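So you can see what is in the structure, the chains are spelled out below.
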Amino acid sequence: MPEYRSYGARDDRVAKDGDVGFVGFNNRLRPDQLKAGMLSDAQNIRLDRNGEAQVRKGIELIEAPFAVGGDVLRLPTTAEIGDGVTSMLPTTIESASLTSNVVSLVLNEPAVEPGYDFQVGDEITVDGVQFVTTDPNGTHTITGITDAGGTSTITYALTGADEVYTTAIVLPETLPFDLNDITTQAVVGFNMVLDQGSVTEVYASTEYSDPASNASQYLLIASNLKVVAKNLKTGETTDIVYPVGETVPVESDMIQAFNKVFIFRNGQTALEWDGDFSGTPEFTRVASGEYTQPVQIVCASGEFALIENRGVVHQEDGVSVGSIVTVVGDKTLDADQSSGLTIGSEVTVAKLLEGGPTTSLTAAAELLISGGEYDTLYEVTITAAGHGRSIGDPIDIAGFGDTKIDGSRFVSDVSGDDIVFYVPQNPSITISGDETVALAHGFEFYVDANKTDLHITDGASLTSTPVFTRKVSVGLGFTHMPAPEFAVYHQRRLVMPYRFTVNDALNSFTSKDALDEIIASDILDSDTYDQIYAQYRFNAGTADFIVGLHSFAEDRLLVFNRNSIHLVENTTNLQGASTRLLTNEVGCVARKSIRQVGNQVIFLSDNGVYGTQFLDEYNLRGTETPLSEPINETIQRINKDAWEQSVAAYFDNRYFIAVPLDGAIRNNAILVFNFLNKQWESIDTTGNTDWDIENLVVAGDGAQRGVYAINRFGGIHKLDERVDGEDRIVTFIGGEAQGIDIPAALTTRQYTLGSMDRKRWKNFDIHVQSSKDNASDFDIGIETENPDTVESLGSLSTYNGGTLDIDEDVSIRGRIGNRRGYGLQFTINNTSGRPRIRAIETEGSTAMRSTQKAI
């Protein structure tokens, strides 16, 4: 812009102010207090390291697998309404209002018509109308009917304050709620019944990966009817059903651990799925009821073997991989052959073997061995095509009719279709066609020098009789999983709140009336919990309760209470574990907001988004100032009656936290913190207020890797995916994807030219470039302070002669018209594409230096 080449003593010098690049936004400070590069507001914006402020990528609908399986409000059965009572189809309500104690329902069908036939005096049921003051739902008597051009208005009496009702998708007024609070639309009909079996919402979700396949990446979402597994690689979906009579209630939780997926249902038996997609995948109940305490595993001659530094037990005892087994006797009787194992030593189950089908034998041969490991034993070689056996496998031999060969044996060698094993006596090996071999139940563990007292040959071990026992509780005995509301995986254990005791009756639990205890499972065993040494209590007797758990590095478990944070260390050996209080000055309000970023753990607290970090190897300390201090104005907008639902994820150097803003009862906005810029970056919303976020999950591999938002209507949405400046979302069960423009906007700091004087604002300059995929346009607005004005300066296309072409950049300049004001802010409202704002500059000069009052 033109400027004077020189100024006189009384001239007002033209000055410039602006930003070349942006790093974050801050709405706690006044706009005129912000430093260069800071915005006062950013809606649906991403701020790159090069300083560009660009409209975020759009949300992409990946899958919406759920649909209402019929009318949510259905006709009653004959048994429900009684013989001789008729029912009519439910009719959708288009609008509703209460005026002067009369409710008016505008229907989308004529009221008097075959199939509906409402009449004055009829008793009707109204359901699904959302109200603020006076509830119009329930059973009422029609007082009037008016037909008009294909629609009808039904009226009935109701005393209450006048209001206009909402008849769109209905949410409950308060939390918690149950299925009876949910409908898909407002309806009216005769004798209607809420069919809970037809109502589907998402109550839990998690990522899942098959450990046996590095190409499998799934998202699992659980409704009250079933779980749907979405393969992010192939796009396929698979239904996983629940046990008959079981469902998943509101506020359940899912995780993957021990190669399984668990669904935790507070106060109910948890469900588990083994990850097998074959056939009809189905969840099953975890074990419950009376726990059978461990008994000794007594090996008879022929039920134990030492093979290639492995101990193999030929018994079915319910152990699992990772179970700790203790040697309580190297042999059963004094006269028995010793196994050489050290009494008191502990071994870990390394492999579990489950009995399988039999394979027919086609040949058998025997040979007496002289010398070596199997001296004086008979080597038996059998031939079984496709047997699939391996060295060390426990096997069952049958059909020979000779106890010297039939029975429990161990594979000592394999060569093609031949299997070699050893027996102590000369067996009969005649093949008649009935002889078989089968893999038997058993388990194996590794044997080292610390677990043996003397060397026993492999051959001698075949007749040894060692005695083992599974790990025994040193307290009140073991118990099954105690019906938790959630759990975390920590140091090969499941750790969970301990709020229920397991009764002897199946699927029966009793509340402990204790909200400040946790319990940990045995190592790699989700079914075994020591009631003394695996149980911990925090702030006992105080007004505090457990909100969440987080597995930190080096065997540290963080326990987040509502008003405090605790640390559990050394959980590898539960008897040696210790607990300590980290702080009672801050607690956590939302379990799913807890995320670890490097050495820092971030979570939502009463003070906003807070962070704790390990300042050295041993000490965990909380930061003095909340991480969300720069956006405290936004934090104050969070609905504290629903903020326990907040969820978070960390991906692409960003912390995403979904929260309920402005009185919402569900998460309707995502706050984004950029760790590269060390600033809050954006408040993300969509143009549809019905879209919510039930969970944020980082999942997928390669191009599919990203943050997925799951909403309660079953929609799996990928954030920051679309490049066309549009969100594709689903907002109700069975609905089609909606394309909605991203409501992006940014507001700059307040430019003051570095003084408190009033200025005349003359002109502006904005550097902008279109994205590589779309043409761009946006509206430009300004706001001055003292005097206060809000004005529009037009749009990008106004100054550019049209929308800005794909990947084109331009510097647009325009006049402000000598608007007066102490400070000036710019607001950019996006209207199309994903423009990149690089720099904004304005010019002005000090004006009206008089101390006299002026306007």
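Residues numbered from 1 in each chain as written. Predicted model: local features only at pLDDT ≥ 70, side-chain atom pairs only at ≥ 80, totals over all residues. Heavy atoms only, no water.

Quick one: what's the story with the side chain of T465, residue by residue and with numbers?
Residue placement: T465 occurs in the loop between α2 (458-461) and β40 (467-470). The class for T465 is buried, based on a relative accessible area of 6%. At a separation of 2.9 Å, a polar atom in the side chain of T465 contacts the side chain of D336. For T465, the contacting residues outside a window of four places in its chain are C299, A300, S301, D330, K331, T332, L333, D336 and Q337. (Helix = DSSP H or I, 4+ residues; strand = E, 2+ residues; numbered from the N terminus. Buried < 20%, exposed > 50% of the residue type's maximum accessible area, 1.4 Å probe, protein only. Polar contact = N/O pair within 3.5 Å; in protein donor to acceptor, adjacent residues only side chain to side chain. Contact = heavy atoms within 4.5 Å.)

Quick rundown of the nonpolar core? Include the residues and the values.
If you look at the biggest cluster of nonpolar residues, it comprises 52 residues, and the most contacted ones within it are V609, Y655, I657, W680, I780, F826 and I837. No other element matches strand β67 (residues 759-769), which puts 4 residues into this core. The contacts of I780, once residues within four sequence positions are left out, are F764, I766, S792, L793, G794, S795, L796, Y799, I812, F826, T827 and I828. Ranked by size, the runner-up nonpolar core spans 17 residues in total, among them Y208, L220, I240 and V261. (Core = buried A, V, L, I, M, F, W, Y, C linked by side-chain atoms within 4.5 Å.)

For the pairing of strand β33 (residues 378-383), give the residues involved together with the corresponding values.
Where strand β32 (residues 363-368) and β33 come together, 6 bridges link them in antiparallel fashion. Across the sheet, the residue bridging to E366 is V380, located in β33. Sheet topology note: the β33/strand β37 (residues 418-423) ladder contains 6 bridges and is antiparallel. Residue pairing in the sheet places E379 in a bridge with Y422 of β37. (Pairing = 2+ DSSP bridges.)

Go over the packing of aromatic side chains, please, and point to the residues and values.
Describing an aromatic ring pair means giving the distance of the ring centres and the angle of the ring planes. Taken as a whole and judged by the stated rule, the model has 22 aromatic pairs. A ring pair is formed by Y208 and Y218, whose centres lie 5.9 Å apart and whose planes are at 50°; its orientation type is tilted. Of the two residues, Y208 is situated in strand β17 (residues 202-208) and Y218 in strand β18 (residues 218-223); the sequence distance between them amounts to 10 residues. The buried category is assigned to Y208, whose relative accessible area is 2%. (Phe/Tyr/Trp six-rings, centres within 6.5 Å; stacked < 30°, edge-to-face > 60°.)

Before we move on, can you summarise the sheet that holds strand β50 (residues 556-561) with the specific residues and values?
Taken together, 4 strands build an open sheet; the order of strands is β49-β50-β51-β52 and the sheet is antiparallel. If you trace the sheet from one side to the other, it starts and ends with β49 (546-552) and β52 (578-583), each paired once. Averaged over all adjacent pairs, the angle separating strand axes in this sheet is 25°, with direction ignored. With 5 bridges connecting them, strand β51 (residues 565-569) and β52 associate as antiparallel partners. The residue bridging E569 from the neighbouring strand is S578, located in β52. (Axes fitted to C-alpha atoms, helices over the stretch in contact; angles between N-to-C directions.)

Any details on the pattern of salt bridges? Residues and values, ideally.
Under the defined criterion, the tally for this structure stands at 44 salt bridges. With a shortest N-O distance of 3.6 Å, R310 and E308 are connected by a salt bridge. The exposure class of R310 is buried, given its relative accessible area of 11%. D692 is the salt-bridge partner of R666, the closest N and O atoms lying 3.9 Å from each other. (Salt bridge = Lys/Arg side-chain N within 4 Å of Asp/Glu carboxyl O.)

Describe the environment of T479, naming the residues involved and giving the relevant values.
With respect to the element layout, T479 can be found in strand β41 (residues 478-479). Looking at T479, the relative accessible area reads 7%, which means it is buried. Linking T479 and Y529, residues 50 residues apart in sequence, is a C-alpha distance of 5.2 Å.

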